[in-house]
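Per-entry structural report
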Amino acid sequence: MNFLRGVMGGQSAGPQHTEAETIQKLCDRVASSTLLDDRRNAVRALKSLSKKYRLEVGIQAMEHLIHVLQTDRSDSEIIGYALDTLYNIISNEEEEEVEENSTRQSEDLGSQFTEIFIKQQENVTLLLSLLEEFDFHVRWPGVKLLTSLLKQLGPQVQQIILVSPMGVSRLMDLLADSREVIRNDGVLLLQALTRSNGAIQKIVAFENAFERLLDIISEEGNSDGGIVVEDCLILLQNLLKNNNSNQNFFKEGSYIQRMKPWFEVGDENSGWSAQKVTNLHLMLQLVRVLVSPTNPPGATSSCQKAMFQCGLLQQLCTILMATGVPADILTETINTVSEVIRGCQVNQDYFASVNAPSNPPRPAIVVLLMSMVNERQPFVLRCAVLYCFQCFLYKNQKGQGEIVSTLLPSTIDATGNSVSAGQLLCGGLFSTDSLSNWCAAVALAHALQENATQKEQLLRVQLATSIGNPPVSLLQQCTNILSQGSKIQTRVGLLMLLCTWLSNCPIAVTHFLHNSANVPFLTGQIAENLGEEEQLVQGLCALLLGISIYFNDNSLESYMKEKLKQLIEKRIGKENFIEKLGFISKHELYSRASQKPQPNFPSPEYMIFDHEFTKLVKELEGVITKAIYKSSEEDKKEEEVKKTLEQHDNIVTHYKNMIREQDLQLEELRQQVSTLKCQNEQLQTAVTQQVSQIQQHKDQYNLLKIQLGKDNQHQGSYSEGAQMNGIQPEEIGRLREEIEELKRTQELLQSQLTEKDSMIENLKSSQTSGTNEQSSAIVSARDSEQVAELKRELATLKSQLNSQSVEITKLQTEKQELLQKTEVFAKSVEVQGETETIIATKTTDVEGRLSALLQETKELKNEIKALSEERTAIKEQLDSSNSTIAILQTEKDKLELEITDSKKEQDDLLVLLADQDQKILSLKNKLKDLGHPVEEEDELESGDQEDEDDESEDPGKDLDHI
């Protein structure tokens, strides 16, 4: 401060010390002083002079200030002063203090100093590195300086930051700063950084910007927040507008769901501050950015579905029907709802079900149409309602039918208690307000857009013009008003409605021509030489007459195509007619309306053309011109060619359908074959499981056999000195009966094994006489493998039965030995009476052993029964595999017959297509000789037919490989 006082004191003491000299001394002190305090004081003095003497400080001190940023980073105070000084030099925010005549010079100074600063890219990189400092006195001036650089020379600074390592990531950290001043200025910095730069927008989005910005908006109170919410919404618009990648990332990140709380506003008449209106307006615009008609259709459709699923559309409809909503918010909400439902059937159906909170409830569409045809409503609101109605009917044939049905006699409410949409449109169509006439005509035209059914249905509408007079059709009433010479806006609207109605609808053309006054009126309008204001009406009349010729089915003899063309040539002249037709596309408002679907006009006088109508004009202008210049012979030839082509198309379509059906049948057969394969695999797994179970039973049987052998050895040792009592002969008889049963079981198993052998031999013989087709060979091979496995299992069963027979033989020999020993012991009873007590105890022991032996014999018998049941199950599986073989054989025969028939039909089709191609080529040559341009669509269709023929042959080939 002492240094600053000395300098300022010296400046006031003598007039020789000018401002430039003072600034020069300060710059010298910054450059040469070795004390940090002196340099700091000098930079502080330069900061105080930089606002008033911006040019002098900028010229002399910028280089020294940049040097301070490079060398004195350890002192945050001097860095802060240097950044503030640079900001004052570059920024144009002090323009209010400058005189008006020097405002442009001030702006030039800012851009020139910015260019000097960024000439060395290292300066911007240095500034980015300083933003990493957490010190408030460094970070905040750095943010303001970088924002000012971006405002002055945005594209150049953006490119430097883009190529700087981690440049954008450093700036994203500002959003996480706990100090609101830095965070809020960081949002402003990112606004300037992301403006019109798609690459930076993507980087910022993938640095989690959506999450942070939505958090800030939520923390600040959503729509009730302050200017910070506004800045965040502007930044979100920069990131999403015209950036399909970021829009997809926003949708995939489920951020659309987080937008719903923004629109949870109460139904109060108060509480709409200016900031809240601004915030809500930006929020609605952000929704429109995601569903804009200029976005790719797939992205728009997915966002529309997400908005319906999360309840955002329902919330917008709530605002739409609420009371006390400001007019501009209501208008923007209508436009937003329009684009959310445009072309999305689910959303359109929901919007049709929305009712206004009235008594009785009325559909929202009816309430909106009441505003559209009310001339006391604001113009922008009426345009928004028209856009909403157009979007509701866009690609919505169901909605078009509902609107037209409200005009039909069978659906009109006879009591008159409720007003329908059709009645409102008719009322607006014939009111005294020309703007209502135009809006109603365009709205009704959208109900007929690309819908021939509703064009025919609308012909049934009858109107009661006055009491006592018969009703007239809607078509007749439109032509009557047209001939009465009303305002230009009304006539343009009615002519657009009639052109849309008659296009691609020969029945409507016939009804129009049936009134004998219509054609003379049109020719009279076209033939007159009127002023520039009437030229547009003449062009539309020429278009309507051309549509009546081009879509004429010659059902009326007095107004056939040729007679109408002769009438044009006599009354108007072909060249004059084509010139008048060209007035439409040459009109200055035509190109403006063709750019966007939304009817956005500065005033009602500019409301002339509809966007969809401009598409119709572009489509029909050329074909009508060709139709006017064609002769009758050319028309006949063209009709013949059309009929021939239609027949050819019908034939091709028929065969295409046949091929599709055959493809479906082949696909079904393939599925059946795959199902049978799966069943076969399941059977194989079942057999494998049974084989494992049999092995387990084998192991158990071997274990029992070993235990039985040990018990026999113990019995032999004890039986030498044992004596039988009177019960033993009965036990021996039981053993004999069980042995006989075992013999019978063995014989039964032997006979069953013989039957199995014979069945296997029959299978072998049937397999050797199989077909040569590869599919049956594969199935036979699999079945032979199964049969081989069954044979191996039967062999094991045979070995098991043999081992059982050996065991039975052993039991028989043991029984004979027991009988012999019993006789010996019976004879020795008389002699050995004294040892009777000892023998009795031994006999009891032997009886216990014998009972154990009988128990084991019973268990063996149960095991044999179980093996017999398993053999029966194996037999049943073998029978099922035989039936599977038979089914596969029959399916294979069917497939062979169907493939043969398909190949024959395809060969016939190829021959027929070749003949048709020759006829088409000859017809095309004739057309070319007559000078008629020929399109190549038929050649492409024939190429597609050949491709489909090749594809239909491939399934048969694939089936042969199965």
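What counts, and at which threshold
Residues numbered from 1 in each chain as written. Predicted model: local features only at pLDDT ≥ 70, side-chain atom pairs only at ≥ 80, totals over all residues. Heavy atoms only, no water. Helix = DSSP H or I, 4+ residues; strand = E, 2+ residues; numbered from the N terminus. Buried < 20%, exposed > 50% of the residue type's maximum accessible area, 1.4 Å probe, protein only. Contact = heavy atoms within 4.5 Å. Areas by Shrake-Rupley, 256 points an atom, 1.4 Å probe, with all protein chains shown as cover. Salt bridge = Lys/Arg side-chain N within 4 Å of Asp/Glu carboxyl O. Phe/Tyr/Trp six-rings, centres within 6.5 Å; stacked < 30°, edge-to-face > 60°. Lys NZ or Arg CZ within 6 Å of the ring centre and 35° of its normal. Disulfide = S-S within 2.5 Å. pLDDT = per-residue confidence, 0-100. Arc of directions from axis to C-beta. Expected span 1.5 Å × (residues − 1). Polar contact = N/O pair within 3.5 Å; in protein donor to acceptor, adjacent residues only side chain to side chain. Axes fitted to C-alpha atoms, helices over the stretch in contact; angles between N-to-C directions. Parallel < 35°, antiparallel > 145°, perpendicular 65-115°, else oblique. Nonpolar A, V, L, I, M, F, W, Y, C, P; charged D, E, K, R; others polar. Left-handed = near helix turned anticlockwise from the far one by under 90°.

A few points about the overall build of the chain
The helix and strand tally for the chain stands at 40 helices and four strands. Per-residue burial over the chain gives 47% buried out of 962 residues. Partitioning the contacts of the chain with sequence separation of at least 6, the portion at a separation of at least 24 is 74%. Within the structure as shown, the chain displays about 48,100 Å² of accessible surface, and the carbon and sulfur contribution to it stands at 51%.

Focus: the pattern of salt bridges
Summed over the entire model, instances satisfying the criterion amount to 23 salt bridges. Ionic pairing is found between Arg44 and Glu77, a salt bridge with its closest N-O pair at 3.5 Å. Of this pair, Arg44 sits in helix α3 (residues 36–50) while Glu77 sits in helix α5 (residues 76–90), and the two are 33 residues apart along the sequence. Among the salt bridges present, the one from Asp177 reaches Arg139, with a minimum N-O distance of 2.7 Å. Here Asp177, found in the loop between α10 (167–172) and α11 (180–194), pairs with Arg139, found in helix α8 (residues 136–152); they are 38 residues apart in sequence, far enough to count as distant. We classify Arg139 as buried; its relative accessible area is 8%.

Let's talk about the packing of aromatic side chains
This structure, assessed with the given rule, holds 12 aromatic pairs. Following the ring pairs from residue to residue traces out a cluster consisting of Phe206, Phe210, Phe249, Phe250 and Tyr255. It is Lys144 that lies over the ring of Tyr87; its NZ or CZ is 5.1 Å from the centre. The ring of Trp272 has Lys276 lying over it, and the distance from NZ or CZ to the ring centre is 4.8 Å.

Side note on the state of the cysteines
Tallied over the entire structure, the rule returns zero disulfides. The cysteine Cys388 is free of any disulfide, with Cys391 supplying the nearest cysteine sulfur at 6.9 Å. On the accessibility criterion, Cys388 (1% relative accessible area) is buried.

Topic: the confidence of the model for the chain
Within the chain, residue pLDDT values average 82, and 79% of them lie at 70 or more. In this model residues 718–728 is a low-confidence stretch, pLDDT under 50, and it forms 22 contacts with partners more than four residues away in sequence or in other chains. Confidence drops under a pLDDT of 50 for residues 767–781, and excluding neighbours within four residues, the segment shows 19 contacts in the predicted structure.

So, the environment of Leu381
Structurally, Leu381 is set in helix α22 (residues 379–393). Of the residues examined, Leu381 reaches a relative accessible area of 9% and is grouped as buried. In this structure, the C-alpha to C-alpha distance between Leu381 and Ala327, residues 54 residues apart in sequence, is 7.8 Å. Leu381 has contacts with Leu330, Thr331 and Ile334, leaving out every residue within four places of it along the chain.

Let's talk about the environment of Met62
Mapped onto the fold, Met62 is located in helix α4 (residues 54–71). Residue Met62 is classed as buried on the basis of its relative accessible area, which comes to 4%. Considered as a pair, Met62 and Ala82 are 20 residues apart in the sequence and their alpha carbons are 9.2 Å apart. Leave out the neighbours within four places in its chain, and Met62 touches Val57, Leu86, Ile89, Phe113, Ile116 and Phe117.

What about helix α20 (residues 345–353)?
Turning to α20, its buried residues number three or more, namely Asn347, Gln348 and Phe351. Down the axis of α20, the smallest arc covering the buried residues is 100°, so these residues share one side. The secondary structure elements touched by the buried residues of α20 are α17 (297–309), α18 (312–321), α19 (327–341), α21 (364–372) and α22.

Remarks on α11
Quick reminder: α-helices carry 3.6 residues per turn. Residues three or four places apart thus point the same way. The terminal C-alpha atoms of α11, which comprises 15 residues, lie 21 Å apart, in line with the 21 Å expected from a rise of 1.5 Å per residue. With 12 of its 15 residues buried, α11 lies for the most part within the structure. All of the buried residues in α11 are Ile182, Arg183, Asn184, Asp185, Gly186, Val187, Leu189, Leu190, Gln191, Ala192, Leu193 and Thr194. Looking at the packing, one finds that the buried side of α11 touches α8, α9 (154–163), α10, α12 (198–206), α13 (209–219) and α14 (227–240).

As for the side chain of Arg139
A polar contact of 2.7 Å, which involves the side chain of Arg139, links it to the side chain of Asp177. In contact with Arg139, not counting residues within four places along its chain, are Leu131, Glu132, Glu133, Leu174, Asp177, Arg179 and Ile182.

Some points on unusual backbone geometry
Note that the residue after Asn359, namely Pro360, is joined by a cis bond; omega there is 0°. The phi torsion at Asn242 lies on the positive side, around 60°, for a residue other than glycine. Tracing the chain through its elements places Asn242 in the loop between α14 and α15 (244–252). Overall, the relative accessible area of 65% leaves Asn242 in the exposed class.

Some points on the packing of α20 against α22
At their nearest, the axes of α20 and α22 sit 9 Å apart, and the two run at 125° to each other. Considering the angle they form, α20 stands oblique to α22. Residue-level contacts link Gln348, Phe351 and Ala352 of α20 to Cys388, Cys391 and Phe392 of α22. Class assignment of the residues belonging to the contact of α20 with α22 gives a composition of five nonpolar, one polar and no charged.

As for the packing of helix α31 (residues 532–550) against helix α35 (residues 611–629)
Interhelical geometry of α31 versus α35 gives an angle of 60° and a closest axis separation of 9 Å. Here α31 and α35 pass one another in a crossing that is left-handed. Along its contact with α31, which presents Leu540, Leu543, Gly546, Ile547, Ile549 and Tyr550, the element α35 presents Phe613, Val617, Leu620, Val623, Ile624, Ala627 and Ile628. Per-class residue counts for the contact of α31 with α35 are 12 nonpolar, one polar and no charged.

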